[in-house]
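Summary of the model geometry
Here are the chains, one letter per residue:
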Amino acid sequence: MSQDQQILDEHAGQAWFTLSGDVNSDMVRRVFDAVADMTEDRITTAHILIQSNGGYVSDGICLYNYLSKLPIKIVTYNAGAVASIAVILFLAGEERYASETARFMVHKSHASAPHGARPDALRIIVEGLQADDARTEQILREHVQLSEEHWRTHAYSDLHLTASDARDVGMVSGIKDFVPPRGQRVTNI
């Protein structure tokens, strides 16, 4: 048996993907389509390299809920930067890895209101942000053991974590690069 055939046999049922861009309804559609293909191809483990500066909270939570409950093992990787709601998407991985130089940025939700917005409209915006923050914090607390100092920073500012910091708080399983085996196809979602 050739070395290439041995590598292919060793990684049967596994697939490698890249997922980049804003977390939005287009990304949700792309992931749904990719998972349909994975199911059809009988993939048992999907390795997904994520690169995203965030996007919409509802779309990120939808993807987290969807990916974390699939009958496919999801392994997520950060090789550069994962920020905002993309951190929640990253946490959908049963195993999670980051390159040594990767970074994570976690923060509360942001929004803007049109000039001259009525107080009742502002109240609705604030209540929506609070609900989004409660949903994302619940997911963070399920996966990550942030210190009280981290939570204080998160309450008022952006929390930046290196790959080592992320490993120390349980956000990543280990420091490891996304390296598909030779001969394996990498698909962009």
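All of these numbers come straight from a predicted model, not from anything done at the bench.

1. Some thoughts on unusual backbone geometry
Positive phi is not limited to glycine here, since Arg 42 has a value of about 60 degrees. Residue class for Arg 42 comes out exposed when judged on its relative accessible area of 70%. For Ser 84, which is not a glycine, the phi torsion comes out positive at approximately 60 degrees. Examined against the element boundaries, Ser 84 turns out to sit in the loop between β4 (81-83) and α4 (85-90).

2. As for the nonpolar core
Core analysis: the biggest nonpolar cluster contains 48 residues, and Phe 104 and Met 171 have the highest contact counts within it. When sequence neighbours within four positions are dropped, the list of residues in contact with Met 171 reads Val 87, Phe 90, Leu 91, Arg 96, Phe 104, Val 106, Val 144, Leu 161 and Ala 166.

3. Points about helix α2 (residues 25-40)
Taking 1.5 Å as the rise per residue, α2 with 16 residues should run 22 Å; its terminal C-alpha atoms sit 23 Å apart, in good agreement. On its buried side, α2 packs onto β1 (14-20), β2 (45-51), α3 (57-68) and α4. The N-terminus of α2 is capped by Asn 24, whose side-chain oxygen sits 3.0 Å from the backbone nitrogen of Asp 26. The first or second residue beyond α2 is Arg 42, which carries a positive phi of 60 degrees.

4. Let's talk about the sheet that holds strand β5 (residues 95-98)
Strands sit in the order β8-β5-β3-β2-β1-β9 across an open sheet of 6 strands; the sheet is parallel. Looking at strand neighbours, the two that pair on one side only are β8 (174-175) and β9 (186-188), the edges of this open sheet. The pairing of β2 with strand β3 (residues 73-78) spans 5 bridges and is parallel. By the bridge assignment for β3, Leu 49 is matched with Tyr 77. Running at roughly 170 degrees to β1, α2 makes contact with β1 and β2 of the sheet.

5. Comments concerning the packing of aromatic side chains
Within this structure, the stated rule accounts for 4 aromatic pairs. Arranged with centres 4.7 Å apart and planes meeting at 65 degrees, the rings of Phe 32 and Tyr 66 form a pair that is edge-to-face. Of this pair, Phe 32 sits in helix α2 while Tyr 66 sits in helix α3, and the two are 34 residues apart along the sequence. In this structure Tyr 66 comes out as partly exposed when scored by relative accessible area, which is 28%. Through a chain of ring-to-ring contacts, three or more aromatic side chains come together here, namely Tyr 77, Tyr 97 and Phe 178. Lys 176 extends its terminal NZ or CZ atom over the ring of Tyr 97, reaching a point 4.5 Å from the ring centre.

6. Brief notes about the pattern of salt bridges
Applying the stated criterion across every chain yields a total of 7 salt bridges. With a shortest N-O distance of 3.3 Å, Arg 29 and Asp 33 are connected by a salt bridge. Placement of both Arg 29 and Asp 33 in helix α2 is noted, with a separation of 4 residues, approximately one turn of the helix. For Asp 33, a relative accessible area of 41% corresponds to the partly exposed category. A network of salt bridges, in which partner residues are shared, links Asp 26, Arg 29, Arg 30 and Asp 33.

Criteria and thresholds
Residues numbered from 1 in each chain as written. Predicted model: local features only at pLDDT ≥ 70, side-chain atom pairs only at ≥ 80, totals over all residues. Heavy atoms only, no water. Buried < 20%, exposed > 50% of the residue type's maximum accessible area, 1.4 Å probe, protein only. Helix = DSSP H or I, 4+ residues; strand = E, 2+ residues; numbered from the N terminus. Core = buried A, V, L, I, M, F, W, Y, C linked by side-chain atoms within 4.5 Å. Contact = heavy atoms within 4.5 Å. Expected span 1.5 Å × (residues − 1). Polar contact = N/O pair within 3.5 Å; in protein donor to acceptor, adjacent residues only side chain to side chain. Pairing = 2+ DSSP bridges. Axes fitted to C-alpha atoms, helices over the stretch in contact; angles between N-to-C directions. Phe/Tyr/Trp six-rings, centres within 6.5 Å; stacked < 30°, edge-to-face > 60°. Lys NZ or Arg CZ within 6 Å of the ring centre and 35° of its normal. Salt bridge = Lys/Arg side-chain N within 4 Å of Asp/Glu carboxyl O.

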